[in-house]
Amino acid sequence: MFLLRRHRTGALDGWYSLPGGHLELGETITECATRECSEETGIEVENLKLRRIHSYLFRGDQGLNFIFTSKKWTGSPHIGEPEFFNDGGFFLFDELPLKTLSWVKSVVDGYRKNQNDFELVENFN
């Protein structure tokens, strides 16, 4: 799993999270995930599979995180946006950094239990 440590974003700095971002006008969710992964990590992903939709409530903002997996990718992984991230790399599920966001850990736990299932998580914990 490729994680990035947030830096100078103003929210959750110092914590590791998955690559991600916001939709651009006219873009599909899958196109957004592919673009954000490329921009933030230099990795070009293929054959994305939606695994989970996780609702969140943070500082008065509410939204959805769409979590995809990909077993096929190309590129040379690196921090593509050093103004927002100051560390990144591949981590084994059993060796996640201590400061990994709780929802990311929840995604890992769900994936380990139901690798072929889809899950909708609607809680704000």
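Quick summary incoming for the structure in this document. (Residues numbered from 1 in each chain as written. Predicted model: local features only at pLDDT ≥ 70, side-chain atom pairs only at ≥ 80, totals over all residues. Heavy atoms only, no water.)

Another aspect to go through is helix α2 (residues 102–113). Helix length check: α2 (12 residues) gives 17 Å between terminal C-alpha atoms against 16 Å at 1.5 Å per residue, within 8%. Within α2 the residues assigned to the buried category are V104, V107, V108, G110 and Y111. Looking straight down α2, one finds its buried side chains confined to an arc of 165 degrees; they lie on one side. In α2, those exposed residues whose orientation departs by more than 90 degrees from the buried face are S102 and K113. (Helix = DSSP H or I, 4+ residues; strand = E, 2+ residues; numbered from the N terminus. Expected span 1.5 Å × (residues − 1). Buried < 20%, exposed > 50% of the residue type's maximum accessible area, 1.4 Å probe, protein only. Arc of directions from axis to C-beta.)

What follows deals with unusual backbone geometry. Non-glycine residue N47 carries a positive phi angle of around 50 degrees. With respect to the helices and strands, N47 occurs in the loop between β3 (44–46) and β4 (49–58). The class for N47 is exposed, based on a relative accessible area of 63%. The residue R59 is not glycine, and still its phi comes out positive at about 50 degrees. Position of R59 relative to the elements: it lies in the loop between β4 and β5 (61–69). Take R59: its relative accessible area is 63%, and that puts it in the exposed class.

What follows concerns the pattern of salt bridges. The full count for this structure, using the stated rule, is 6 salt bridges. E24 is the salt-bridge partner of R35, the closest N and O atoms lying 3.5 Å from each other. Residue R35 is found in helix α1 (residues 29–41), and its partner E24 is found in the loop between β2 (16–17) and α1; the two are separated by 11 residues along the sequence. In this structure E24 comes out as partly exposed when scored by relative accessible area, which is 45%. One salt bridge in this structure joins E46 and K72, with 3.7 Å as the shortest N-O distance. Taken together, the residues E46 in strand β3 and K72 in strand β6 (residues 72–74) connect sequence positions 26 residues apart. Take K72: its relative accessible area is 46%, and that puts it in the partly exposed class. The network of salt bridges with shared partners includes E24, E27, R35, E36 and E39. (Salt bridge = Lys/Arg side-chain N within 4 Å of Asp/Glu carboxyl O.)

Our next topic: a nonpolar patch on the surface. Together, L23, I29, L64 and F66 make up an exposed nonpolar region whose accessible area comes to about 340 Å². Mapped onto the fold, I29 is located in helix α1. What makes I29 partly exposed here is its relative accessible area of 32%. (Patch = residues over 30% accessible without salt bridge, like charges linked within 9 Å, V, L, I, M, F, W, Y side chains within 5 Å. Areas by Shrake-Rupley, 256 points an atom, 1.4 Å probe, with all protein chains shown as cover.)

Attention now moves to α1. The first and last C-alpha atoms of α1 sit 18 Å apart over 13 residues, in line with the 18 Å expected at 1.5 Å per residue. Listed in full, the buried residues belonging to α1 are C32, R35, E36, C37, E40 and T41. The inward-facing, buried residues of α1 abut β1 (2–6), β3 and β7 (85–90). Once α1 ends, the next one or two residues include G42, with phi positive near 80 degrees. (Contact = heavy atoms within 4.5 Å.)

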